[in-house]
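Close look at the chain arrangement
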Amino acid sequence: MIFLGSLHRDAQICATGSIYILGEVSGIVQAGFPDNPNAAIFGNLKDVDQLRIADVIEIVTDDNRKDFQDGKFAFINDLHAISVDDLKNYKDKINDLRKRTD
């Protein structure tokens, strides 16, 4: 899904695959619903309240908000937790994760 609009606080977008955020989000973004751990969330994550990928939830607080900036992507790592990294590292991270699970 490509999201171009504005998602207000307490609102939610949900997709079975990955989500590409080009607008502003302040609510909940859920990718990989209900059980697709290979989905990812890309783009402007700086104001998001909560990320969900498959059955994993990451609540964004003031303590970890600096990790969720523009130009990042969120994915499920090999410990079944949500990690955030720079978009420039996407290809290497995803290839590494797929090698471990194949």
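Before any of the text, the structure's been laid out above.
Attention in this report is confined to the structure presented alongside it. Only a predicted model underlies this, so the values are computations on that prediction, with no experimental measurement involved. (Residues numbered from 1 in each chain as written. Predicted model: local features only at pLDDT ≥ 70, side-chain atom pairs only at ≥ 80, totals over all residues. Heavy atoms only, no water.)

1. A word on the sheet that holds strand β11 (residues 82–86)
With mixed pairing, the five strands of this open sheet are ordered in space as β1-β4-β7-β10-β11. Edge positions in the sheet fall to β1 (2–3) and β11, since each has one partner strand and no second. For β1 and strand β4 (residues 19–21), the ladder comprises two bridges, and the chain directions are parallel. Counterpart to I2 in the pairing with β4 is Y20. (Pairing = 2+ DSSP bridges. Helix = DSSP H or I, 4+ residues; strand = E, 2+ residues; numbered from the N terminus.)

2. Quick word on the sheet that holds strand β3 (residues 12–14)
If you trace the four strands from one edge of the open sheet to the other, you get β3-β6-β8-β9, paired in mixed fashion. At either end of the open sheet lies a strand with only one pairing partner, and these are β3 and β9 (56–59). Across the sheet, the axes of successive neighbouring strands diverge by a mean angle of 10°, strand direction being ignored. Bridging between strand β8 (residues 50–53) and β9 involves four bridges; their strand directions are antiparallel. (Axes fitted to C-alpha atoms, helices over the stretch in contact; angles between N-to-C directions.)

3. Some remarks on a nonpolar patch on the surface
A cluster of nonpolar side chains, namely I2, L4, Y20 and L22, defines an oily patch on the protein surface of about 470 Å² accessible area. Turning to its location among the elements, Y20 is positioned in strand β4. Relative accessible area serves as the criterion here: at 39%, Y20 is assigned to the partly exposed category. (Patch = residues over 30% accessible without salt bridge, like charges linked within 9 Å, V, L, I, M, F, W, Y side chains within 5 Å. Areas by Shrake-Rupley, 256 points an atom, 1.4 Å probe, with all protein chains shown as cover. Salt bridge = Lys/Arg side-chain N within 4 Å of Asp/Glu carboxyl O. Buried < 20%, exposed > 50% of the residue type's maximum accessible area, 1.4 Å probe, protein only.)

4. Looking at the pattern of salt bridges
What the rule picks out here adds up to four salt bridges. The residue R9 makes a salt bridge to D49 at a minimum N-O spacing of 2.5 Å. Here D49 lies in the loop between β7 (41–43) and β8 and R9 lies in the loop between β2 (6–7) and β3, a separation of 40 residues in the sequence. Exposure remark for R9: the relative accessible area of 52% places this residue in the exposed category.

5. Describing the packing of aromatic side chains
The final tally for this structure, using the stated rule, is five aromatic pairs. Centre to centre, the rings of F73 and F75 are 5.0 Å apart; their planes meet at 25°, and the pair counts as stacked. With respect to class, F73 is no different from F75; both count as buried. For the ring pair F73 and Y90, a centre distance of 5.2 Å and an interplane angle of 85° mean the geometry is edge-to-face. Highlighted residues: F73 in strand β10 (residues 72–76) and Y90 in helix α1 (residues 90–101), separated in sequence by 17 residues. (Phe/Tyr/Trp six-rings, centres within 6.5 Å; stacked < 30°, edge-to-face > 60°.)

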